[in-house]
Amino acid sequence: MDKRQLNLLLVADNEQDYITTQNLLTKTNAWSAHLERVSSQIALEKVQTGQYDVCLFNVHWHNREVWQKITTIPIILLTESEADEQKLKDGVIDCLVKSQLTAPLLERAIRCAELSGANQKLRQEFSQFQEKIQNLGTPAKQYQLLFDLSIYGMELLDEDGRVVRCNSAYQNMLGRNYDAIIGQPTLAFATEKSQKSFGKKMATLPTHGQIEGEVELVCQDGTTVAVWKQLRAIYETETSEVSKTSEVLQHKIFKGSVSYSRDISERISAIKQLSILARALEQHPYAVVVTDELGDIQYVNFKFTELTGYSYEEVIEQNLRNFNSESLTQEYKELWETVSQGVEWRRDIRSLKKDGTEYWESFTMTPLLNYKGNITNFVVVKEDITAYKEAEADAFQSQHRVGNLMTGYISDLTAANEALQREIAERKRIELELRQSRVRLKAQYKGIPVPTYSWQIAKEGIVLVDYNDAAEKASQGRIIEFLGHTNSDVFKGSAQILADFERCATEKTIVKREAPYRLITTGDTRYWVTTYNYVPPNLIIVHIEDITEHRQIETNLRQKHSQLGEIAKKHASELAKTSEALLQEISKRKHFDEDMATLQTDLQQQLAKVAELTHELDKSKRSWKQEFSERQRVEEVLRHTENMLRASQEQIQELVKEQMIELAKVNEQLREEITLREKEEQELRESRARLKAQYKGSPTPTYAWQRVSKDFVLVDYNDAAETANKGRMVDLMGRTAGEVFKDRPQVLADFGTCFTQQKNVRRESPYQLVMTQENKYYITTYNFVSPNLVIVYIEDITRYKQFEDALQRGEEQIELVCHFSPQFTVIFANGAYCWYFNQDYEKLMGKFIPFVHVDDLDEVEIHLAALGQTQPLGVMECRVIRPDGTLRRQRWLNRAIFDKQGNLIEIRSSLQDIGNGKNEQIEE
């Protein structure tokens with residue numbers, strides 16, 4: 001919705017004043033302000049143009065003759081120092097000190113100036129209206145104008161009660177147009193009940209000349225509205241002459257009537273609400289006393305008279321100190337020092353009844369503040385706690401006796417308590433050791449040098465749930481990508497691995513396999529010994545031993561062994577050839593022995609060659625032996641390496657088995673702990689959800705503020721707070737209290753007190769909503785929640801304060817009206833009278849002085865009969881019986897109505913419940 005445009009004139013000679021004022025106006029949300037600055041020399045000329053709503057005058061005091069000439073618009077004076085009364089006398093609406101000026105202060109001052117200007121304009125319009133009426137000329141035209149402009153619904157009726165003319169106020173009251181009303185009976189738009197009750201009265205209008213009563217009208221949209229309708233008869237005087245006596249007689253002929261209708265719906269509703277509050281206060285189970293600011297008693301309820309024995313007349317207008325006990329008199333100074341500061345005073349004291357009986361009472365005195373924070377009244381609540389005090393004394397004596405009886409058992413209980421404490425200490429020690437052991441086992445599991453993986457058997461498959469540091473290192477940190485995945489997803493291309501998982505899970509045994517494997521995470525090919533170990537109830541622990549280097553050493557040894565065999569075969573072949581050559585030479589020696597002599601020289605040469613060959617053969621033998629010895633040494637190293645590998649593997653397997661047993665225990669404990677933690681977590685979630693729902697659904701607006709640095713930040717609110725602020729709470733989220741309440745130091749002080757003293761702070765005061773600018777009356781409670789939260793609860797008591805103010809203004813304003821015939825039978829009763837006695841109007845008609853107590857009936861009858869023309873007014877008090885059987889005292893103001901002949905026509909009575917507390921239950 002667009003903001004209302006407001007034109008402001010600033011009379012100032014300094015440009016900086018204009019900038020400061022403009023900045024303050026931009027912070028207001030009430031209207032869109034247009035500010036224009038002029039000098040004091042042309043201020044009067046500008047004002048006379050009539051285009052400005054408010055004038056802000058920023059000049060020195062010696063220039064007051066300038067603003068004294070401005071009379072057409074309201075003026076707000078901006079001064080350098082505190083304003084004095086003389087400025088206000090000079091026609092200034094308000095005086096603001098520039099050094100203390102804030103946006104809210106400026107906004108309030110402009111609002112007051114607007115209201116003042118509006119009032120001045122209304123006065124001018126009213127004066128013009130009066131001049132128009134005086135200039136109308138004839139009284140008929142004046143009456144016609146008053147008829148049309150009356151704020152009450154007015155009708156002009158003919159002698160049959162049909163509407164001849166009605167004004168716009170009556171049309172608006174019914175929600176019908178003029179043509180729909182004209183020609184209809186005046187009760188055509190009333191409810192059936194009102195038609196019956198008021199129709200009887202209308203039959204008496206020609207004789208009585210005036211009737212009035214409550215009528216319930218039905219509007220065009222079907223809603224009903226209660227009005228107080230008054231009809232005044234219109235007569236036409238007719239004269240006639242008696243022939244014998246020549247006497248002129250005048251006769252009044254009934255020609256119609258004028259009807260006045262006043263909307264009393266809100267008044268009836270207020271009467272009902274005030275009556276409920278009055279009855280609640282009167283029937284309160286505790287004695288209640290209301291005093292003025294000086295302590296003079298203004299009201300006491302029935303419980304007070306019952307408790308103390310003092311009657312209403314004995315205490316009313318008396319000071320409270322006159323009825324205090326001796327113990328309270330001694331503390332009277334402390335009491336008044338406390339309540340005078342606006343703080344409640346509460347104490348258990350000894351007191352005396354009227355007959356001198358001593359009793360104990362809980363005495364509470366609470367100050368009542370008006371919207372300005374000033375004390376207007378005090379409320380004293382007394383509760384008889386004599387029985388409680390006596391019971392407390394008896395309990396103390398009984399406790400003393402029981403204490404003596406229990407002395408004999410104290411030693412046994414002390415010993416048992418010490419034993420329990422020792423047991424608890426031992427359990428705590430064991431729990432600490434278990435926690436430390438768990439930490440160690442967890443560290444051991446994480447620190448196992450062999451990559452280890454924990455797989456859990458679940459409905460969707462076998463899921464990877466944990467791994468140790470070696471596994472993370474082996475996968476170069478990528479193993480986390482497979483956490484929570486099933487084995488079928490991870491090893492979907494490795495049927496043998498899936499088969500090993502399935503065998504381990506179904507047979508619940510250890511499965512071990514040695515095979516090459518290509519890493520999924522890095523793509524490297526490694527040779528692994530994989531062990532699948534089933535751990536009840538649903539875990540498979542997989543250990544992977546990387547033997548790639550051992551397999552490489554073994555392959556290298558086999559290759560070396562093969563090379564040595566080839567070398568041995570090669571040397572054996574050469575030796576065979578040499579042997580064959582020797583055999584051939586020996587054969588030749590045998591065949592040519594006879595030729596040895598002749599061929600000795602050749603033989604020696606041949607022998608020399610043989611010697612050389614033998615030398616080479618020996619050399620070859622030594623080389624072969626050396627090669628053979630090297631081969632044996634290599635085979636010995638290989639056997640030793642294999643033995644070392646086998647021993648290392650057996651040692652690793654033993655270590656793995658031991659740690660598997662420990663891990664199984666740890667896993668069992670972890671599963672139990674996880675189950676417990678899951679249960680606690682679920683309970684916490686449910687509790688948090690319940691608390692969240694309770695917090696959000698609480699009918700009391702609640703706000704959560706978190707301490708940040710030296711301020712408080714709004715971090716949460718409930719649905720009631722959202723509703724109370726018209727859905728605009730999201731605009732305040734994340735803002736600080738210092739920003740939101742910068743012009744409300746008391747709110748910020750309460751925040752600080754609650755947080756620093758870590759206690760609840762409760763304050764009842766008027767309040768203007770930040771988001772909607774509505775004026776409310778709240779009870780605000782600040783609750784500290786460790787470590788850094790302040791929870792604010794706001795209870796709206798605006799309606800109750802309004803009722804309380806209305807009640808303080810006087811419940812005597814609830815007026816009951818009843819008219820009696822000369823025979824003292826009811827001929828009329830207003831709506832308040834019917835409601836007070838819970839009776840239908842028709843049932844009351846014709847009754848003889850109803851509801852008066854039988855003991856007071858003769859006195860009432862005598863009083864009414866004593867009314868005459870010389871003394872038509874009379875006041876009396878009597879007791880009446882309410883529908884709930886309670887006895888109430890009323891004050892009657894009676895007036896007798898006589899005709900011109902002096903005959904009694906009726907008695908009009910106005911009744912008031914004087915609320916003197918003299919109520920008692922009537923026994924049937």
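Structure's up top.
Residues numbered from 1 in each chain as written. Predicted model: local features only at pLDDT ≥ 70, side-chain atom pairs only at ≥ 80, totals over all residues. Heavy atoms only, no water.

(A) Up close: the overall build of the chain. When helices and strands are counted, the chain shows 28 helices and 30 strands. In the chain, which comprises 924 residues, the proportion classed as buried is 35%. (Helix = DSSP H or I, 4+ residues; strand = E, 2+ residues; numbered from the N terminus. Buried < 20%, exposed > 50% of the residue type's maximum accessible area, 1.4 Å probe, protein only.)

(B) Spotlight on empty space enclosed by the protein. Following the criterion strictly, the structure yields two cavities of 30 Å³ or more and no others. Roughly 80 Å³ of internal volume is contained in the largest cavity. Along its surface, the largest cavity is lined by Val289, Ile297, Phe304, Thr308, Tyr310, Leu320, Phe323, Asn324, Ser351, Leu352, Tyr359 and Lys382. Looking at the lining of the largest cavity, the elements that each hand over two or more residues are helix H12 (302-308) and strand E13 (345-352). (1 Å grid on protein atoms, 1.4 Å probe; cavity = no way out; pocket = protein on both sides within 12 Å on 5 of 7 lines; lining within 4 Å. Points joined across faces, edges and corners; volume = space filled by probe spheres on them.)

(C) Summary view of the side chain of Gln890. Secondary-structure assignment places Gln890 in strand E29 (residues 887-898). Taking the relative accessible area as the measure of exposure, Gln890 reaches 0% and is therefore buried. A polar contact of 3.2 Å, which involves the side chain of Gln890, links it to the side chain of Trp892. Not counting residues within four places of it along the chain, the set of residues in contact with Gln890 comprises Leu816, Tyr836, Phe837, Met876, Glu877, Cys878, Val880, Leu911, Gln912 and Asp913. (Polar contact = N/O pair within 3.5 Å; in protein donor to acceptor, adjacent residues only side chain to side chain. Contact = heavy atoms within 4.5 Å.)

(D) Highlighting the nonpolar core. In terms of nonpolar packing, the biggest core is built from 31 residues, with Tyr833, Ile849, Val860, Leu864 and Trp892 touching the most fellow members. Those residues in contact with Tyr833 that lie beyond four places of it in its chain are Leu816, Val817, Cys818, Leu844, Pro850, Phe851 and Leu911. Listed in part, the 23 residues of the second largest apolar core include Ala721, Met729, Cys754 and Tyr778. (Core = buried A, V, L, I, M, F, W, Y, C linked by side-chain atoms within 4.5 Å.)

(E) Layout of the pattern of salt bridges. Considering all chains together, one arrives at 25 salt bridges under this definition. The closest approach of N and O atoms between Lys98 and Asp17, which form a salt bridge, is 3.6 Å. Note that Lys98 is positioned in the loop between strand E5 (94-97) and helix H5 (103-134) and Asp17 in helix H1 (residues 15-26), a separation of 81 residues in sequence. For Asp17, a relative accessible area of 16% translates into the label buried. For Arg350, the salt bridge identified is with Glu358, shortest N-O distance 3.0 Å. One network of salt bridges, with partners in common, ties together Asp855, Asp856 and Arg879. (Salt bridge = Lys/Arg side-chain N within 4 Å of Asp/Glu carboxyl O.)

(F) Here's a closer look at the sheet that holds strand E30 (residues 904-913). Pairing is antiparallel in the open sheet, where five strands are placed in the order E27-E26-E30-E29-E28. Each edge of the open sheet carries a strand with a single partner, namely strand E27 (826-829) and strand E28 (873-881). Each neighbouring strand pair of the sheet contributes to a mean axis angle of 25°, computed without reference to strand direction. In terms of strand pairing, strand E26 (residues 816-820) meets E30 through five bridges, oriented antiparallel. (Pairing = 2+ DSSP bridges. Axes fitted to C-alpha atoms, helices over the stretch in contact; angles between N-to-C directions.)

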